[in-house]
Amino acid sequence: MKALIVDDEARVRKAVRLLVDWDAHQIGEILEAGNGNEAIGLIRKEKPALVIMDMMMESGSGIELMAWVNEFAGNTKFIVVSGHNDFDFVRQTVRHGGIDYILKPIEPEMINNAVSKAVAAWRSEEEERSHRQKQSIRLNEIRPIYGEKLLSALIDDPINAEASLRRLWDDGVIPHTAKASRLILVQTDPGNNPLIKRFGGDSELLYYAIVNICNEFLQLQSKGIAFRYWGGPPEIAIILWDVQESVAELINRINQGIYMTLQFRMHFGISSVGALPGGLPAERAEAAEALLRRNLLRHEDYCHSPSSSEPADTGNEPPIIFADVQEEWRMAVISGNPEVLSAAAQHWTRELSRRGVVTPEMLNSWKADALLFRSRLVREALGAQADSALAELERADTLTPAPLPSGYSFSLFAWRDWSFALLQRLSQELTARAVKERNPMTEIVKYIEQNYPSDLSLQEVAGKFYVSREYISRKFKQEYGINFSDYIGSVRIDKAKLLLQNPNLKLSQISEMVGFHDVKYFSKVFKKQVGLSPKDYRAQIIP
């Protein structure tokens, strides 16, 4: 907090400095001015919370300074220190909001009391100002969302649509004369990382920028309004009530504005004209369908209506579906050959290009069918192990996700590469699992898990699986870091831990159940592995 002492006598300024206990009032910086004009310059620059001033000065009187502070620096509190016991001076001080009028010579108690009152008043007003500012910020944040919620309610809340429209009329958002509407959806692409990075990774900030650009073209002549639609996935909607306007020309102007700002052009789904607000739900569905059925191979088209989204003539040749390539994909996965996998991935993208029509709707269906194909193939090949294999494949999907079917840009090469990666990962996973299944160690470990209570010997197990004792010993060391007998012991102790949770079983019973015929030897092995005797371990887990 800053304070300013204004007096044309240096000795008086020094006296005030010495008499006021600045630390007690938490005032950290004290400024000085020799006259009113100098004080005005300092107040403008430094904005002190408190001014202690003389009433009579040669250049710029106290009355002039008080009047200026009252008009232009109303947050600043001031105290008058004067050698004149003049009622008119006191009246002027009160009229201009002064805290106190103190006569010279200055008494320490009186001036410190006045400073205390001034500081308390300034702090109280500052808290109030801060509170109002925060409220204002919150209102400014809430107001656009409130408007967007009302506009969204016109679309997805038919019961309250009329009430929402009346509020929007009252707020001047939609004119009373608007009786018909056309709804437009602006394509958004949450996967467009380069664009989102320019907004610090904040997609909501990007949407806000797009909405503002759209409204620059719409609201100037009150043609319509753009807003963030809250009724579903991230969407930007435009309600156009000037239905006589050429929509294609308007969208081209908006898109040029977006391109000038963001260096991207957006796709727009356009509905036919309907009643306002009753027709808006159907209009939104129509606009969304137009975007979903747009031909991605026609890169230069940005306006999409139901009529423009009709499938192109492909010479009576139906669009390629996943069933057309399913067997080719299955054989490629089984082969595991990278060249065969690559050819399978290229085949369908080549067919798509040749037939001349690719829509987001087709890509969504294709992706779903490809993932279903993968799931079925894994379950056929792996049986009980399928769930863990699919979980591993799905984790890999998050690292290399499929291209977004409805993104700003479209590339057949990206879909070819995604298909190849999906086929390659699937082939590798199935091959790795099959190799693991063929590994005799897998069966040996399974056998130990099922027969640990028996007297298992290295010779017996080797004979059962037609491998040498040396092979088993070497493999256990390589894969598990312990020898065969220690592995059996660890399995038995793990099972014993589970049985110790049953207070009704005796240690001798548990020892026999896990394959130890001597309870003392069982206790010795248990303590060596666990660090506690079976009795102490049981006491620890069963209070």
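Residues numbered from 1 in each chain as written. Predicted model: local features only at pLDDT ≥ 70, side-chain atom pairs only at ≥ 80, totals over all residues. Heavy atoms only, no water.

**Student:** Please explain the packing of helix α8 (residues 203-218) against helix α9 (residues 247-262) as it appears in this structure.
**Tutor:** Angle between the axes and distance between the axes are the two parameters that describe a pair of packed helices. As a packed pair, α8 and α9 sit with axes 9 Å apart at the nearest point and diverge in direction by 135°. Taken together, the axis directions place α8 and α9 in an arrangement best described as oblique. The chirality of how α8 crosses α9 is right-handed. Residues Leu206, Ile210, Ile213, Cys214, Phe217 and Leu218 of α8 form the contact with α9, whose participating residues are Leu250, Arg253, Ile254, Gly257, Ile258, Thr261 and Leu262. Taken together, the residues of the contact of α8 with α9 break down into 10 nonpolar, two polar and one charged. (Axes fitted to C-alpha atoms, helices over the stretch in contact; angles between N-to-C directions. Helix = DSSP H or I, 4+ residues; strand = E, 2+ residues; numbered from the N terminus. Parallel < 35°, antiparallel > 145°, perpendicular 65-115°, else oblique. Left-handed = near helix turned anticlockwise from the far one by under 90°. Contact = heavy atoms within 4.5 Å. Nonpolar A, V, L, I, M, F, W, Y, C, P; charged D, E, K, R; others polar.)

**Student:** Even after reading the chapter, I still don't get the pairing of strand β7 (residues 224-229), so can you show me in this structure?
**Tutor:** Residues in a regular strand project their side chains so that they alternate between the two faces of the sheet. With six of six residues buried, β7 is to be regarded as a mostly interior element. Relative to strand β8 (residues 235-240), β7 runs antiparallel, the two sharing six bridges. Bridging across to β8, Ala226 finds its partner in Ile238. Between β7 and the antiparallel strand that follows it, β8, lie five residues. (Buried < 20%, exposed > 50% of the residue type's maximum accessible area, 1.4 Å probe, protein only. Pairing = 2+ DSSP bridges.)

**Student:** In this structure, what is going on with unusual backbone geometry? I would like to understand it.
**Tutor:** Backbone phi values are negative for most residues with the exception of glycine, while trans is the configuration of most peptide bonds. Backbone torsion omega between Lys104 and Pro105 reads -5°, so that peptide bond is classified as cis. Within the fold, Pro105 resides in the loop between β5 (100-103) and α5 (108-156). With an omega dihedral of 5°, the bond running from Leu276 to Pro277 counts as a cis peptide bond. Within the secondary structure, Pro277 sits in the loop between β10 (274-275) and α10 (280-292). Unlike most non-glycine residues, Gln26 shows phi in positive territory, near 60°. When its relative accessible area of 55% is taken as the criterion, Gln26 is described as exposed. Phi at Gln263 is positive, roughly 60°, even though this residue is not glycine. Structurally, Gln263 is set in the loop between α9 and β9 (268-270). Judged by its relative accessible area of 43%, Gln263 is partly exposed.

**Student:** I'm lost on the pattern of salt bridges in this one. Help?
**Tutor:** Oppositely charged side chains can form a pair if their charged atoms are brought close together. By the definition in use, this model includes 23 salt bridges. Residue Lys2 is joined to Glu46 by a salt bridge in which the shortest nitrogen-to-oxygen separation is 2.6 Å. You can see Lys2 sitting in strand β1 (residues 2-6) and its partner Glu46 sitting in helix α2 (residues 36-46), a full 44 residues away along the chain. Since its relative accessible area comes to 24%, Lys2 is described here as partly exposed. Of the charged contacts, one joins Arg354 and Glu351 as a salt bridge, the two residues approaching to 2.6 Å between their closest N and O atoms. Remark: Glu351 and Arg354 occur in helix α12 (residues 338-355); sequence separation between them is three residues, near one turn of the helix. With relative accessibility at 13%, the residue Glu351 sits in the buried group. Put simply, Asp7, Asp54 and Lys104 are held in one network by salt bridges that share partners. (Salt bridge = Lys/Arg side-chain N within 4 Å of Asp/Glu carboxyl O.)

**Student:** How should I be thinking about the packing of aromatic side chains in this particular structure?
**Tutor:** The description of an aromatic ring pair uses the distance of the two centres, along with the angle that the planes make with each other. Evaluated as defined, the whole model comprises 15 aromatic pairs. With centroids separated by 5.2 Å and ring planes inclined at 85°, the aromatic side chains of Phe322 and Trp329 adopt a geometry described as edge-to-face. Looking at Phe322, the relative accessible area reads 4%, which means it is buried. Residue classification places Trp329 among the buried residues on the basis of a relative accessible area of 0%. Between the aromatic rings of Phe516 and Phe522, the centroid separation amounts to 5.5 Å while the plane-to-plane angle is 45°, which identifies the pairing as tilted. A residue is classified by how much of its surface remains accessible, and Phe516, at 6% relative accessible area, is buried. Classification of Phe522 by relative accessible area gives buried; the value is 0%. Here the aromatic cluster, defined as three or more aromatic residues joined through ring pairs, consists of Phe322, Trp329, Trp348, Trp366 and Phe373. (Phe/Tyr/Trp six-rings, centres within 6.5 Å; stacked < 30°, edge-to-face > 60°.)

**Student:** What am I meant to see in the nonpolar core here?
**Tutor:** For soluble globular proteins, the rule of thumb is that nonpolar side chains tend to be buried together. One finds Trp329, Trp348, Val378, Leu423 and Leu426 to be the most contacted residues of the largest nonpolar core, which totals 33 residues. Taken together, the elements giving at least two residues each to this core come down to α11 (326-335), α12, α13 (360-382), α14 (386-399) and α15 (412-438). Setting aside residues no more than four positions away along its own chain, Leu423 makes contact with Trp329, Val333, Leu341, Ala344, Ala345 and Phe373. (Core = buried A, V, L, I, M, F, W, Y, C linked by side-chain atoms within 4.5 Å.)

**Student:** I keep staring at helix α1 (residues 10-19) and nothing clicks. Help me out?
**Tutor:** Residues separated by three or four positions in an α-helix point in the same direction, a consequence of the helix having 3.6 residues per turn. Within α1 the residues assigned to the buried category are Val12, Arg13 and Val16. The buried residues of α1 all sit within an arc of 100° when viewed along its axis, so they share a single face. What points out from α1, more than 90 degrees from its buried face, is the exposed set Ala10, Arg11, Lys14 and Leu18. (Arc of directions from axis to C-beta.)

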